[in-house]
Amino acid sequence: PDTPKYYLVGGSFSVEENAETYLKELKDRGFDAFHVGKKGRFFIIGIRTYNSFREADKAKQEYMTNNPGSEVWVWKK
């Protein structure tokens, strides 16, 4: 059975080129970043997936601690 997927999202962009640039930046920094999809007019870039909100929220806190000023968030598609 499918389990809920929670995404640690690095950013969302209304311009696809900006999403691609950010995706490349994350990959260059060693993250296995990916396209989550499109919501409305925004292209969403994910950093990682999790099976529970709790895991994703913990990862968000760790990411923000290690990357001050980051505005990552958790999203359930």
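Residues numbered from 1 in each chain as written. Predicted model: local features only at pLDDT ≥ 70, side-chain atom pairs only at ≥ 80, totals over all residues. Heavy atoms only, no water.

**Q** Sorry if this is basic, but what is going on with the sheet that holds strand E2 (residues 34-39) here?
**A** Hydrogen bonds between backbone groups are what pair the strands of a sheet, and the pairing can be parallel or antiparallel. Taken together, 4 strands build an open sheet; the order of strands is E2-E3-E1-E4 and the sheet is antiparallel. In this open sheet, the two strands that pair with only one neighbour each are E2 and strand E4 (73-76). Each strand axis lies, on average, 50° off the axis of its neighbour in the sheet, ignoring direction. Sheet topology places E2 next to strand E3 (residues 42-50); 5 bridges connect them, and they run antiparallel. What sits directly across from Phe 34, in E3, is Gly 46. Packed on one face of the sheet, helix H1 (residues 16-28) meets strand E1 (6-13), E2 and E3 and runs near 25° to E3. Of the strands in this sheet, E1, E3 and E4 are in contact with helix H2 (residues 53-66), which crosses E1 at around 50°. (Pairing = 2+ DSSP bridges. Helix = DSSP H or I, 4+ residues; strand = E, 2+ residues; numbered from the N terminus. Axes fitted to C-alpha atoms, helices over the stretch in contact; angles between N-to-C directions. Contact = heavy atoms within 4.5 Å.)

**Q** Sorry if this is basic, but what is going on with H2 here?
**A** Residues separated by three or four positions in an α-helix point in the same direction, a consequence of the helix having 3.6 residues per turn. Over its 14 residues, H2 runs 20 Å from end to end, which matches the ideal 20 Å to within 8%, given 1.5 Å per residue. All of the buried residues in H2 are Ala 56, Ala 59, Lys 60 and Tyr 63. Burial along H2 is one-sided: seen end-on, the buried residues are contained in an arc of 105°. For H2, the exposed residues lying more than 90 degrees away from the buried face are Arg 54, Lys 58 and Thr 65. In this structure, the buried side of H2 is in contact with E1, H1, E3 and E4. (Expected span 1.5 Å × (residues − 1). Buried < 20%, exposed > 50% of the residue type's maximum accessible area, 1.4 Å probe, protein only. Arc of directions from axis to C-beta.)

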